[in-house]
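# Observations on the model geometry
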Amino acid sequence: MALLRQTHRCLLHQHRNFSASAVSQTWFGNVEQAPKDPILGITEAFLADENPNKMNLGVGAYRDDNGKPVVLDVVREAERRVGGSHFMEYLPIGGLKDFNQVSIKLAYGDNNEAIADNRVAAVQSLSGTGSCRLMAEFMKRWMPGSKIHITKPTWSNHHNIFKDAGVDKKEYSYYKPSTKGLDFEGLVSDLKAASPKDVVLLHACAHNPTGVDPTPEQWKEISSVMKDKQLFPFFDMAYQGFASGDCERDAQAINIFMEDGHAMGCSQSYAKNMGLYGQRIGCFSIVTEDPKEAVKVESQMKAIARPMYSNPPLHGALLVSQILKDPKLKQQWYKEVKGMAERIITVRQSLKDNLESLGSPHKWDHITEQIGMFCFSGMTPEQVDKLAQDYSIYMTRNGRISMAGVNSQNVKALSEAIHKVTTQ
């Protein structure tokens, strides 16, 4: 009997070990390795490269002329003022009210009628990505059946954001490789073919990745077509002030659509134009028909945010509010963001001049005709690969150059490398 009990205990122990082993092997046995993010993959390759003259032209983060990260003086002053002045309590779901108000005024204009009429619903978001994700979730819940139309090409994360929200998406014509400019005819044709009530994602300025923006006259025609087709505009504005150096000019597309009486959505980010990358600070807003509608829409924006991240962070909102509410600090910020934009414009000209002086058989006018952080160079994936392999110059394989990584010290070497890979 004792032997039977011992045998039973042994078998039971083995069964438990087998079951535990089986469970431990199968809980996540079906999980596949996620593909590397194309931008972060570039950074990994760059960091592993031992060449002291290597260049990282993939990441969209501003650098000064010495290739160093920048914290704006106005941000340091705002930090000094807000430091120790607030408790670390939770913000409301919709974020800091003062921040939302100064943000929508920056986007739509200080004297905007929709703001004065309380027709703009707004919540603080987790930068531009967070704003776009809130819009995607809002579409899924409250705009059922609407597709999102996205430029071809666009920032790669746009595709991920709307796909993960379960929103059907469609690309529309935007970039013409033969001219390295805007395919305006194709763009208008595709919008005319869109279904009423669909949403069109528009880059307010400094289109990513191409740097190609419509002219004011073209924006007016786009607005007219979308009004006739009953299409809802959603602006992604990640570069206000950083594109041209003028915040009002960079918001001209939104102003044109406002004048035409559109309801619309807008995603704002302060990563680039204030250098607040790590603060994850942005604003998501929707212009509605009347104040009652705005209250209901904003309540649903908050309802989406609550289970997603509960409430947004405090510090970045305090910094932005401090800068935009104080007239002197606001003027200082205008000056500093203009300085960043002008440095980018200057290195664009230097890159173009250097390539032409090397006797390149190609036209490089698009380098200075494009605007903002990125230059869509027109180089092939194979040429980009050769830049990395032979010259330790890293960028995305679609040929997008982050001009923020170009400076007076490396522009000559970059020009020579581009010349060699594009003339072989």
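Computed from a prediction, not measured in an experiment: that's the story for all the values here.

## Points about the overall build of the protein chain
For the protein chain, the count of helices and strands is 17 helices and 13 strands. Viewed in the frame of its principal axes, the protein chain has a C-alpha envelope of about 95 × 60 × 55 Å. Here the analysis covers contacts within the protein chain between residues at least 6 apart in sequence; of these, 75% occur between residues at least 24 apart. Accessible surface, the protein chain as shown: approximately 21,100 Å² in total, 52% of it carbon and sulfur. Positive and negative side-chain charges of the protein chain, numbering 49 and 48 respectively, have mean locations separated by a distance of 6 Å.

## As for the environment of asparagine 53
Along the chain, asparagine 53 falls in the loop between helix H2 (38–48) and strand E1 (55–56). For the pair asparagine 53 and alanine 114, spaced 61 residues apart in the sequence, the C-alpha separation amounts to 51 Å.

## Comments concerning the nonpolar core
Core analysis: the largest hydrophobic core is formed by 96 residues, its most contacted members being Tyr108, Phe235, Trp333 and Ile401. When residues in this core are grouped by element, the largest group, eight residues, is from helix H14 (residues 327–357). If sequence neighbours within four positions are ignored, isoleucine 401 has contacts with Leu57, Leu351, Met373, Phe374, Cys375, Ser377, Met379, Met395, Val406 and Ile418. The next biggest cluster of nonpolar side chains, apart from the first, holds 26 residues, and it includes Val123, Ala136, Phe284 and Ile304.

## Structural notes on helix H17 (residues 411–423)
Between its first and last C-alpha atoms H17 spans 18 Å; for 13 residues at 1.5 Å apiece the expected length is 18 Å, and the two agree. Among all positions in H17, only Val411, Leu414, Ser415, Ala417, Ile418, His419, Val421 and Thr422 are buried. Those residues of H17 that are buried lie in contact with E1, H14, helix H16 (381–391), strand E12 (393–394) and strand E13 (400–402).

The rules we used
- Residues numbered from 1 in each chain as written.
- Predicted model: local features only at pLDDT ≥ 70, side-chain atom pairs only at ≥ 80, totals over all residues.
- Heavy atoms only, no water.
- Helix = DSSP H or I, 4+ residues; strand = E, 2+ residues; numbered from the N terminus.
- Contact = heavy atoms within 4.5 Å.
- Areas by Shrake-Rupley, 256 points an atom, 1.4 Å probe, with all protein chains shown as cover.
- Lys, Arg positive; Asp, Glu negative; His and termini not counted.
- Charge placed at Lys NZ, Arg CZ, Asp CG, Glu CD.
- Core = buried A, V, L, I, M, F, W, Y, C linked by side-chain atoms within 4.5 Å.
- Buried < 20%, exposed > 50% of the residue type's maximum accessible area, 1.4 Å probe, protein only.
- Expected span 1.5 Å × (residues − 1).

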